[in-house]
Amino acid sequence: MGVVQNNQVDIKSKGLHAAIPSNEEEQNGVGEIYGYRACCCRRALCTTATVLSAGFLLLLFYWKPEWDVRAQCVRCPLQEADTILLRTTDEHKVWYKKKIKWMDLSLLSKATNGTQYPDLSDETSLLQRIIMKTEAKVRYFEIQKLRYIWDFKEKQFVRPGDLEERHTCADIHHKFGCGLSMTEVITRRLIYGPNTIEIQISPIWKLLCKEVLNPFYMFQIFSVCLWLSEDYTEYSIALIIVSFISLALSVYDVQQQSIKLYRLVESHNNMTVTVCRKNTGYEEVPSCELVPGDVFIISGNKQVLCCDSVLTQGGCIVNEGMLTGESIPITKTPLPNVAAHSCWNGVTEEHRRHVLFCGTQVIQSKPIGQPRVEAVVFRTGFSTSKGELVRSILYPKPMDFKLYQDAFRFLMCLTIIATIGMIYSVCILLFNGMATSKVVRKALDVITIAVSPALPAAVTIGIIYSQERLKKKGIFSISPQRINICGQLNLICFDKTGTLTEDGLDLWGLATTKGKGLQSILRFSTGVRLPWGPFFGAMASCHSLVLLDNTLQGDPLDLKMFETTGWEIDENAVFKHPTEDAHSFIVKPGPTAYKVSKAGIVVLKQYPFSSQLQRMSVVTQVIGKASLSIYMKGAPEMVVRLCKPQTVPRSFSRELQRYTKQGFRVIGFAFKCIWDGSNVSVGSLTREVVESDLIFLGLLILENKLKPQTRPVLLELSKARIRTVMITGDNLQTAVTVARNSGMIPMAHRVILVEASKAKISGTAVISWRVVENGKDHHQSCAGESKIAMDDFEKNKDFHFVMTGRSYEILVHHFYHLLPKLLLNTTVFARMSPNLKGSLIEEFQKLDYYVGMCGDGANDCGALKTAHAGISLSEHEASVASPFTSKIPNIDCVPQLIKEGRAAVVTSFCIFKYMAVYSMIQYLGVLCLYWEANTFGNYQFLFEDLGITTIIGITMSLNQAYPSLHPHQPPAQLISPPLLLSVILNVILSLVLHMFGFMLVQQQPWYSPTDIHSACHLANVSSIGVDTSNNTLTTKSISHESDEDFFRSYENTTVYLLSIFSCVTTAIVYCKGKPYRKPIYTNHVFLIVVLAQIVMCLYFLFGDEGVMYNALGLVCTPTYWRFYILAMIVVHFLVIIAIEELVVENTHLWLFLKKCCKIKSRRRYKVIGRMIMEEPGWPPLDGSGFTSVLSMDGELQQEHSHHRPRRDSRESPRTLAVPASPPAKERTCSANQEQDDHL
């Protein structure tokens, strides 16, 4: 829903409606809001119409809330509205109706003896703007667990779930440092709501009512009522039983998911915290009573946080595994109490290190200069990080899959056909003199025949079976509907560490500086110990490890590095720096450590690792020494930028590339000394001062091996023409090497590095391109080889772009028009932050890719939720938001999921086609018989509906997924030429078959429209108990027969036998096997069912007596006529098989027809791909004609293709400078329209 936001949302008034702006983390797109006011006259008219329609109008309004509001209300400005309509502006266009509520705060003033609320005079306070001063009321509405309140000053709805963001850091300390008064707490509690994440477990009856009111079940109720009026009791009861079982399973599944979610958040609502109250001191209160602005104590000792809060006093080490999926201790520092020009914003990278997120666990708390650790409540309830996670599960982002849209259109077509049949039935039956009441029932019966009530349920059967098969393979889904989407995946994004490579890291070696270069590698495998020195001090102290229950916990890299030193952490030791009252921890030599004369190192201050900064630093002091040592580690490229240039070896870039191209993970180290540490206030040292003018120490080299399943899986996906992309936070060269070693980038293919940068002063954006071959820069100076490479590019396009997150971000903001062409061939994205990963997935989706994302849960949560199919290899709470979770700890789950998805798609299509054709077969048979005022009997309907179609629909889906992936994807659209042609031709053949049989039987010499025994021998007639004294039955005598026997005729018998045989043979033809499902003969249950049905049909064809034969009301016919019927069935069967195999399933034929008709795919990535193939100068490795490439204008492209630039072999890699285009958010509509028109 569009109004669901993770930050404060302003709904700005625009006359009679407002728009709800979206942010980056929005679940379901942007929303719009419209104001309405109740109208008594309209409401009276609607009430009358409801009574006259026997309540149907209420049902219609339930399905269409926008009709309800528009029918009973009139449009008005938002400030006057008492009812609002909210609509998502995505492709689904979902409407929501909500009532405006009022909250009376006047009673609060009486309860507090008229105490004036202090924030009402504060212009920066949100409360000052949302409370109506004259009546002390608040106007609001609630949707999807969030509350929006009317801002009387700005004339807009705002979301009050957060601490006011207009304050600076100093304001937060000053205003909230001493806590809130009781008046403030009560007022805020009323406005913000309780600090709870409540999951309501709806009672069974309510869930049943909600399911029954679904249009599908309402149509079933209508069908059952109609059938019961016609004494079609047996199938009605059967349908009621099947529907009840389906309802029960659906309701049970929904309730079980609610129970699981309830258990996940149950402890959150039952905590006790110690808060600080202004003028009254500290007191214990339930966590549900916390409000934004409250100050509470962080006790540590595995405390689970019940809200998002800002750390204002002391330090903390927390486990954010619930958010990131990775149980790595994160150090949190207090919010600085300094005046700043910028306002506080808890979601930025700068302030994130001060925020304690709800649901995370506090491992340790460290008072600094104060007796306790305190935090200010930032967000409560469903506005917290954990609340947003729960909301993403409660209200998942709807996936647009063409199957469901096409199914709805197809059902509408069937409804139109049914309407035509109903008109035909009324005319024919009235002409034959049938009673009006019976004509109405028979005409309505046509609708239930043409549009089968079991059709929507049958389509989901394949998904149910696929879900069960996935469970057996260790893949679990919280969104079964996405299994069908998995069958259409054509691009899979992989995280690197822990997904493609092993989780653990092994220390491979150490390269330290020596003079102007690096020393030879110190290999750890040889058992050589690193001697005491700055590098040793950095390895022992520059980490974020913590000791929890006598076990070291932290980043695997830090663990490996620290364990190598042989030192240990002593948290019981207390060290006070002379100039800073800071509680620090000490690392000291362990029993297995190399003997040194040092007693230990005190870590005085930490600057935690930041994915944005790509580094961490510590300020340390050797016990007994006065000097301070600063150590830093991080990405080598980042570390050398902060070092003195003269300390960086000349061979740094060459050596770094040497190791990264072999797939090693490389960490850079640096340090500096402050000799007179007694005069330095450690607490006042800023990160900028600490991380400057450092001395480069060297490189720590770690080995991260590929998982054994990685290469075979990527090869399998490549053979299936499924594109693979790597998105990692690691070094670019390491990522490229892993991509080469895994086969993601073939060794013979070229790699082009795309680097984008922006000048700070001029604002000019620059893109540079260079070819990388086998890990080395391939400059244009290599004349002959460069020319061959470019020819290879032009011919086969066997090249891959690679880029960093920084380059990607600049491309998004300044070269957005170029981004689609780059994404089409970019295989490796390195140094990507979590937000950039999610943004990249969205950009791929804009190119009409069906995107899958596979990650181990570490920083991949956003991308996993954004992708069409997110597959988490982690079982942490973060994976709860991922549609799929795999217990298989490698990427082997990806092809398994795609195979099952393809099988589910094909099964859904097969069942849909079969159910549609079955309905048409029965529909045509009934219409033929209506010509003679005849129809099928109830038991005939029962056997065809229940004995054939229902059982086939259940067993047809049991085909398992084919063991290998086919290069071609299954069809994504139900309304596609092959599938439509299959249904249309089958319906036409069925029409011809029924009409031919219907007319041919009337031409037989033994045929009599009045004597149903004229074709049988005397013995046969006597044997079935029929009086043969008068073989001629007049029309009057037929009319006196029971209603159960009036349908008995030669036309009925012939048409019915053709109908049931057609249902069985059509099922055989439509039960597809290869290439997406196993062959039909592997589905043993289906084979047994079909063989049993064929035997029964042959019995009805050639048998002359028996209980079932007589119950169906079949008429005895000559033996040769029965062989005629069998011959017609065989011919029909052979023809539909030929059509399916030679036409519908003939891929080469359809490709030939597409080529002849010049039909091309309209998917954006296909369109751009064809455009690139026509550009001889792409990729733009020289600067000539670059403007035309950037503009992507058709005329300039043509000019560029005619004037192909000549490459100078002596030219070095060109740097292309163009004026930066406006940021993405500020691009004009005309520019976007020009891009869309071209693409």
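Here the structure is a predicted model, which means the values were calculated and not measured.

Novice: I would appreciate a short explanation of the overall build of the protein chain in the present structure.
Specialist: What the protein chain contains, in helices and strands, is 44 helices and 44 strands. Counting the 1239 residues in the protein chain, one finds 53% classified as buried. In the protein chain, 73% of the contacts between residues at least 6 apart in sequence involve partners at least 24 apart. Accessible area of the protein chain: about 53,700 Å², with a carbon and sulfur share of 58%.

Novice: What is the right way to look at helix 10 (residues 233-266) in this model?
Specialist: Side chains that are three or four residues apart share a direction in an α-helix, a result of its 3.6 residues per turn. Across its 34 residues, helix 10 extends 47 Å between first and last C-alpha, which sits within 8% of the 50 Å expected from 1.5 Å per residue. All of the buried residues along helix 10 are Tyr-235, Ser-236, Ala-238, Leu-239, Ser-243, Leu-247, Val-251, Gln-255, Ser-258, Ile-259, Leu-261 and Val-265.

Novice: Whenever I open this one, the sheet that holds strand 14 (residues 303-304) confuses me. Can you help?
Specialist: Hydrogen bonds between backbone atoms are what pair the strands of a sheet, whose relative direction is either parallel or antiparallel. Read across the open sheet, the 4 strands follow the order 14-19-16-17; overall the sheet is antiparallel. Of all strands in the sheet, those bounded by a partner on one side alone are strand 14 and strand 17 (329-332). Two strands pair when backbone bridges link them, and strand 14 and strand 19 (residues 361-366) are joined in this way by 2 bridges, in the antiparallel orientation. For Val-304, the partnering residue across the bridge sits in strand 19 and is Gln-361.

Novice: Which parts of the structure should I look at to understand the nonpolar core?
Specialist: When a protein is soluble and globular, its nonpolar side chains tend to lie buried together. Counting residues in each nonpolar core, the largest one holds 87 residues, and the members touching the most others are Tyr-914, Tyr-923, Ile-948, Met-956, Ile-1060 and Phe-1100. When residues in this core are grouped by element, the largest group, 20 residues, is from helix 31 (residues 893-930). Contacts of Ile-1060, omitting those with residues within four sequence positions, involve Phe-943, Glu-944, Ile-948, Cys-1097 and Phe-1100.

Novice: Help me out: how do you make sense of the sheet that holds strand 11 (residues 272-277) in this one?
Specialist: If you trace the 6 strands from one edge of the open sheet to the other, you get 12-11-13-20-15-18, paired in antiparallel fashion. In this open sheet, the two strands that pair with only one neighbour each are strand 12 (281-286) and strand 18 (355-356). Two strands pair when backbone bridges link them, and strand 15 (residues 308-313) and strand 18 are joined in this way by 2 bridges, in the antiparallel orientation. What sits directly across from Ser-309, in strand 18, is Leu-356.

Novice: How do you make sense of unusual backbone geometry when you look at a structure like this?
Specialist: For the peptide bond that leads from Lys-1074 to Pro-1075, omega is 5°, which places it in the cis range. Even without being a glycine, Gln-144 presents a positive backbone phi close to 50°. Within the fold, Gln-144 resides in the loop between strand 8 (137-143) and strand 9 (146-151). Judged by relative accessible area, which is 9%, Gln-144 ranks as buried. The backbone of Arg-721 shows a phi angle near 60°, a positive value even though the residue is not glycine. With respect to the helices and strands, the residue Arg-721 is situated in the loop between helix 24 (710-719) and strand 35 (723-727).

Novice: Before we go on, may I ask you to explain the environment of Arg-687 in this structure?
Specialist: In this fold, Arg-687 is placed in helix 23 (residues 687-690). A residue is classified by how much of its surface remains accessible, and Arg-687, at 11% relative accessible area, is buried. Along the chain, Arg-687 and Gln-606 lie 81 residues apart, while their C-alpha atoms are 9.6 Å from each other. When sequence neighbours within four positions are dropped, the list of residues in contact with Arg-687 reads Tyr-607, Pro-608, Leu-613, Arg-615, Met-616 and Ser-617.

Novice: Teacher, can you tell me more about a nonpolar patch on the surface here?
Specialist: On the surface, a nonpolar cluster with roughly 520 Å² of combined accessible area is contributed by Ile-237, Ile-241, Phe-244, Ile-245 and Leu-249. Tracing the sequence through the fold places Ile-245 in helix 10. On the accessibility criterion, Ile-245 (45% relative accessible area) is partly exposed.

Novice: I tried to follow the packing of aromatic side chains on my own but got confused; where do I start?
Specialist: Ring pairs (aromatic) are described by centroid distance and by the angle formed between their planes. Following the criterion strictly, the structure yields 29 aromatic pairs and no others. Arranged with centres 5.4 Å apart and planes meeting at 75°, the rings of Phe-936 and Tyr-1056 form a pair that is edge-to-face. On the criterion of sequence distance, the pair formed by Phe-936 in the loop between helix 31 and helix 32 (938-955) and Tyr-1056 in helix 36 (residues 1050-1070) is long-range, its members being 120 residues apart. A residue is classified by how much of its surface remains accessible, and Phe-936, at 2% relative accessible area, is buried. Taking relative accessible area as the criterion, Tyr-1056 reaches 0% and is therefore assigned buried. Looking at Lys-64, its charged tip hangs above the ring of Trp-67, at a distance of 5.7 Å from the centre. For Arg-70, the ring lying beneath its charged end belongs to Trp-95, and the centroid distance is 4.8 Å.

Novice: Teacher, can you tell me more about the confidence of the model for the protein chain here?
Specialist: For residues with low pLDDT, the predicted coordinates do not support detailed interpretation. Mean pLDDT over the protein chain works out to 77, with 80% of the residues at or above the 70 mark. Across residues 1-15, where pLDDT falls below 50, the model places 82 contacts with residues more than four positions away in sequence or in other chains. Confidence drops under pLDDT 50 across residues 1183-1239; counting only partners more than four residues distant or on other chains, this segment forms 110 contacts.

Novice: I keep staring at the pattern of salt bridges and nothing clicks. Help me out?
Specialist: Under the defined criterion, the tally for this structure stands at 24 salt bridges. In this structure, Glu-80 and Arg-37 form a salt bridge, with 3.4 Å as the shortest nitrogen-oxygen distance. Of this pair, Glu-80 sits in the loop between strand 4 (73-75) and strand 5 (83-88) while Arg-37 sits in strand 3 (residues 31-38), placing them 43 residues apart in sequence. Between Glu-289 and Arg-189 there is a salt bridge; the shortest N-O distance is 3.8 Å. Taken together, the residues Glu-289 in the loop between strand 12 and strand 13 (295-297) and Arg-189 in helix 7 (residues 182-192) connect sequence positions 100 residues apart. Put simply, Lys-913, Lys-1072, Glu-1140 and Glu-1145 are held in one network by salt bridges that share partners.

Novice: Would you mind showing me how to read the state of the cysteines here?
Specialist: Summed over all chains, the structure comprises 0 disulfides. Of all cysteine sulfurs, the one in Cys-306 lies closest to Cys-307, which takes part in no disulfide; the gap is 4.5 Å. Here Cys-1156 is not disulfide-linked; the sulfur of Cys-1157 is the nearest cysteine sulfur, at 6.4 Å. Here Cys-1156 falls in the partly exposed class, since its relative accessible area comes to 47%.

Novice: Looking at this model, I keep getting lost on the pairing of strand 23 (residues 506-514). Mind explaining?
Specialist: Each regular strand displays side chains that alternate between the two surfaces of the sheet. The pairing of strand 23 with strand 34 (residues 695-703) spans 6 bridges and is classified as antiparallel. Residue pairing across strands places Asp-506 opposite Glu-703, the latter belonging to strand 34. The pairing of strand 23 with strand 25 (residues 522-523) spans 2 bridges and is classified as antiparallel. Bridged to Leu-510 within strand 25 is Leu-522.

Novice: Help me understand the packing of helix 33 (residues 977-1002) against helix 36 in this model?
Specialist: Interaxial distance between helix 33 and helix 36 falls to 9 Å at its minimum, and their mutual angle equals 155°. Here helix 36 runs roughly antiparallel to helix 33, going by the angle between their axes. Handedness of the helix 33/helix 36 crossing: right-handed. Listed contacts from helix 36 to Ser-982, Val-983, Asn-986, Leu-993, His-994, Gly-997, Phe-998, Val-1001 and Gln-1002 of helix 33 are Tyr-1050, Glu-1051, Thr-1054, Val-1055, Leu-1058, Ser-1059, Ser-1062, Thr-1066 and Tyr-1070. In terms of residue class, the contact of helix 33 with helix 36 is built from 8 nonpolar, 9 polar and 1 charged.

Novice: For this particular structure, what's the right way to read helix 3 (residues 65-72)?
Specialist: Those residues of helix 3 not exposed but buried are Pro-65, Glu-66, Asp-68, Val-69 and Gln-72. The arc that holds the buried residues of helix 3, viewed along the axis, is 160°, so those residues lie on one side.

Novice: Would you mind going over the packing of helix 8 (residues 204-212) against helix 10 with me for this structure?
Specialist: The N-to-C vectors of helix 8 and helix 10 enclose an angle of 125°; their axes lie 10 Å apart at closest approach. With respect to their mutual orientation, helix 8 and helix 10 come out oblique. Seen from above, helix 8 lies across helix 10 with right-handed handedness. Across the interface between the two elements, Ile-204, Leu-207, Leu-208, Glu-211 and Val-212 from helix 8 touch Leu-247, Ser-250, Val-251, Val-254 and Gln-255 from helix 10.

Novice: Would you take a moment to explain the side chain of Gln-467 for this structure?
Specialist: Structurally, Gln-467 can be placed in helix 17 (residues 461-472). Relative accessible area serves as the criterion here: at 16%, Gln-467 is assigned to the buried category. Contacts of Gln-467, omitting those with residues within four sequence positions, involve Ser-477, Pro-480 and Ile-483.

Novice: Would you mind going over the environment of Pro-1179 with me for this structure?
Specialist: For Pro-1179, the location among the structural elements is in the loop between helix 41 (1164-1173) and helix 42 (1186-1191). Taking the relative accessible area as the measure of exposure, Pro-1179 reaches 1% and is therefore buried. The spacing of Pro-1179 and Phe-801 is 378 residues in sequence and 9.2 Å in space, taken between C-alpha atoms.

Calculation rules
- Residues numbered from 1 in each chain as written.
- Predicted model: local features only at pLDDT ≥ 70, side-chain atom pairs only at ≥ 80, totals over all residues.
- Heavy atoms only, no water.
- Helix = DSSP H or I, 4+ residues; strand = E, 2+ residues; numbered from the N terminus.
- Buried < 20%, exposed > 50% of the residue type's maximum accessible area, 1.4 Å probe, protein only.
- Contact = heavy atoms within 4.5 Å.
- Areas by Shrake-Rupley, 256 points an atom, 1.4 Å probe, with all protein chains shown as cover.
- Expected span 1.5 Å × (residues − 1).
- Pairing = 2+ DSSP bridges.
- Core = buried A, V, L, I, M, F, W, Y, C linked by side-chain atoms within 4.5 Å.
- Patch = residues over 30% accessible without salt bridge, like charges linked within 9 Å, V, L, I, M, F, W, Y side chains within 5 Å.
- Salt bridge = Lys/Arg side-chain N within 4 Å of Asp/Glu carboxyl O.
- Phe/Tyr/Trp six-rings, centres within 6.5 Å; stacked < 30°, edge-to-face > 60°.
- Lys NZ or Arg CZ within 6 Å of the ring centre and 35° of its normal.
- pLDDT = per-residue confidence, 0-100.
- Disulfide = S-S within 2.5 Å.
- Axes fitted to C-alpha atoms, helices over the stretch in contact; angles between N-to-C directions.
- Parallel < 35°, antiparallel > 145°, perpendicular 65-115°, else oblique.
- Left-handed = near helix turned anticlockwise from the far one by under 90°.
- Nonpolar A, V, L, I, M, F, W, Y, C, P; charged D, E, K, R; others polar.
- Arc of directions from axis to C-beta.

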